[in-house]
Amino acid sequence: MKKLIAMLLALLMLASLMTGCASKETTPAQDTETKTDAAPADTNSAEETTDAEPTENPYAEQIAECIASFEQEQSAWTEWTGPTTGPKIAEGKKICIINQDSSNGGEALWGDQVAEACETAGWDYVIMDGQGDYSVIRSCFSQAIATGCDGIVTSADAQDLQTLIEEALSYGIPTVGIHASDVEGPVESLNLLYNNTSDPVKIGNAIADYAIADSNGTGRVVIVYNATHAIANAKGEAMKARIESVGMEILEMYSVGDDVASTLPSKMSGWIATYGDDFYVLSVGDALFDFMIPSIRSAGAEHIKLVGADGENAAYDRIRNNDYQVATVPEPGSIFGYMCVDELNRYFNGEEQVVWHPQMHIVTTENVDEEGGLESRWVPDNNFAEEYKKIWGIS
């Protein structure tokens, strides 16, 4: 009996040992399951990273600012922001108007507007054509001095006329410029009573603003300027800086010389061959497009957009007819004429000049027929002539 009990106890102990071993062997299987359960969490994390939203354009703020500037530049100038006080008009004055080159539409317009303002003031005037030749321009100056006129207005470069401007001043004849310098306002270093010009940097910015707004900061541009001419160079550098500020691509920055008629047609053809036909050409002057458009048309290019400055008649026609040019930045030539007469009148009355800055404007297909556009020029809707008549005491 004792032997039977001993055998049963031995069997129970053996069964207990086998159960313990079985429990230990299941533990690793449980660990593997835990690790497998953790793997999907890592996969989901990778998927979340892949599906993240694209990074915002780092130039978005600058692009928005340029678009806002463009919208302002395209809007009508309806409120007078110029001077509101000044002396009554001096009587019996005669002004000599010397155009640098009357065959240039912009310069001829400036001269005509000075003449209109003289008529409003009751002054006599004579228009002389320098024909783009400084020997002729100097002759005009000598004639003006000889006539004993009271004042001279010129669009010729004052730097090349210093001897004659000083001579005129010695006779009490002041000279007022329109684009006679790249400085706006009185220019003592050039003996100019006043120089009327729009800030070339603002013009360059406005030209660039069109391309930025039209392409929402994604366009490509070619910049055409003149590095040897102060105003044209300032416009070109401003365009470059503005375009770079929004991260747009500048395909080429090309400085023209005196041989534009022979060089620009082949340059335009080369740009099309190299870059295709989906870019903007930003130019310091509308006239340069005369030498590019035949090449664009010959290549059958359909998407090139031309943006210029000066507001020439041909530019208005091209914009109106969708003939490659899409915008131009004109200057307020009509106001320049009245500004010249007002500046001279303040001088005649012994008063200081008033420096102020006309609003910047851009003409596009949307506003080409507004504010004088039907006559292919910019005449702001701010009643500037009436405002000057109030100052001068003319009813």
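Criteria and cut-off values
- Residues numbered from 1 in each chain as written.
- Predicted model: local features only at pLDDT ≥ 70, side-chain atom pairs only at ≥ 80, totals over all residues.
- Heavy atoms only, no water.
- Helix = DSSP H or I, 4+ residues; strand = E, 2+ residues; numbered from the N terminus.
- Expected span 1.5 Å × (residues − 1).
- Buried < 20%, exposed > 50% of the residue type's maximum accessible area, 1.4 Å probe, protein only.
- Arc of directions from axis to C-beta.
- Contact = heavy atoms within 4.5 Å.
- Pairing = 2+ DSSP bridges.
- Axes fitted to C-alpha atoms, helices over the stretch in contact; angles between N-to-C directions.
- Core = buried A, V, L, I, M, F, W, Y, C linked by side-chain atoms within 4.5 Å.
- Salt bridge = Lys/Arg side-chain N within 4 Å of Asp/Glu carboxyl O.
- 1 Å grid on protein atoms, 1.4 Å probe; cavity = no way out; pocket = protein on both sides within 12 Å on 5 of 7 lines; lining within 4 Å.
- Points joined across faces, edges and corners; volume = space filled by probe spheres on them.
- Nonpolar A, V, L, I, M, F, W, Y, C, P; charged D, E, K, R; others polar.

Asker: Outline helix α7 (residues 230-245), supporting the account with residue identities and numerical values.
Answerer: Since one α-helical turn is 3.6 residues long, residues separated by three or four positions face the same way. With 16 residues, α7 extends 22 Å between its outermost C-alpha atoms, agreeing within 8% with the 22 Å of an ideal straight helix rising 1.5 Å per residue. Buried residues of α7: Ile231, Ala232, Lys235, Gly236, Ala238, Met239, Arg242 and Ile243, and no others. Viewed along the axis of α7, the buried residues span an arc of 160 degrees, placing them on a single side of the element. Against the buried residues of α7 lie α2 (60-74), α6 (200-215), β7 (220-225), β8 (249-255), β9 (280-283) and β10 (305-310). Just past α7, the residue glycine 247 takes up positive phi, approximately 75 degrees.

Asker: So, the sheet that holds β8: which residues are in play, and what are the values?
Answerer: Reading across the sheet, the six strands line up as β8-β7-β9-β10-β11-β12 and stay open at both edges, with mixed pairing between neighbours. With one partner strand each, in any of the chains shown, β8 and β12 (363-364) form the two edges of the open sheet. Sheet topology note: the strand β11 (residues 325-330)/β12 ladder contains two bridges and is antiparallel. Across the sheet, alanine 327 pairs through a bridge with threonine 364, a residue of β12. This element, helix α8 (residues 260-275), spans β7, β8 and β9 of the sheet and lies at about 165 degrees to β8. Across the face of the sheet, helix α10 (residues 313-320) comes into contact with β11 and β12 while running at roughly 145 degrees to β11.

Asker: Give me the nonpolar core: which residues, what numbers.
Answerer: In this structure, Val224, Met268, Phe279, Val281, Leu282 and Ile304 are the most contacted members of the largest nonpolar core, which totals 50 residues. If you tally residues by element for this core, the top one is α6, at eight residues. Beyond its immediate chain neighbours, meaning those up to four positions away, phenylalanine 279 contacts Arg220, Val222, Leu251, Met268, Trp271, Ile272, His303, Ile304 and Lys305. Ile95, Ala117, Cys118 and Cys340 belong to the second largest nonpolar core, which has 35 residues in total.

Asker: Pulling in residues and values, what's your account of the sheet that holds strand β4 (residues 175-178)?
Answerer: Spatially, six strands are ordered β2-β1-β3-β4-β6-β5 in an open sheet, and the strand pairing comes out mixed. At either end of the open sheet lies a strand with only one pairing partner, and these are β2 (124-129) and β5 (185-187). With direction set aside, neighbouring strand axes in the sheet form an average angle of 25 degrees. With three bridges connecting them, strand β3 (residues 151-154) and β4 associate as parallel partners. For threonine 154, the partnering residue across the bridge sits in β4 and is glycine 177. Helix α11 (residues 333-348) contacts β1 (94-99), β3, β4 and β6 (192-196) of the sheet and is inclined by roughly 160 degrees relative to β6.

Asker: Which residues make up the pattern of salt bridges, and what values go with them?
Answerer: As enumerated under the stated definition, the model contains 14 salt bridges in all. The residue arginine 318 makes a salt bridge to aspartate 290 at a minimum N-O spacing of 2.9 Å. Of this pair, arginine 318 sits in helix α10 while aspartate 290 sits in the loop between β9 and α9 (293-299), placing them 28 residues apart in sequence. The exposure class assigned to arginine 318 is buried, which follows from its relative accessible area of 8%. As a salt-bridge pair, aspartate 323 and arginine 297 come within 2.7 Å of each other at their nearest N and O atoms. With aspartate 323 in the loop between α10 and β11 and arginine 297 in helix α9, this residue pair connects regions lying 26 residues apart in the sequence. Looking at aspartate 323, the relative accessible area reads 23%, which means it is partly exposed. Among the residues examined, arginine 297 registers a relative accessible area of 45% and is labelled partly exposed. Taken together, the shared-partner salt bridges in this structure form one network comprising Asp317, Arg320 and Asp369.

Asker: Explain the layout of surface pockets to me, and be specific about the residues and the numbers.
Answerer: Here the largest pocket defines a volume of roughly 1200 Å³. Contributing to the lining of the largest pocket are 36 residues, with Gln100, Asn104, Glu107, His229 and Ala232 lying nearest its centre. Listing elements by their share of the lining of the largest pocket, those giving two or more residues are α3 (105-121) and α7. Looking at the lining of the largest pocket residue by residue, the class counts come to 14 nonpolar, twelve polar and ten charged. Considering the residues around the second largest pocket, the lining is formed by 20 residues, among which Gly105, Gly106, Leu109, Gly311 and Asn313 are closest to the centre.

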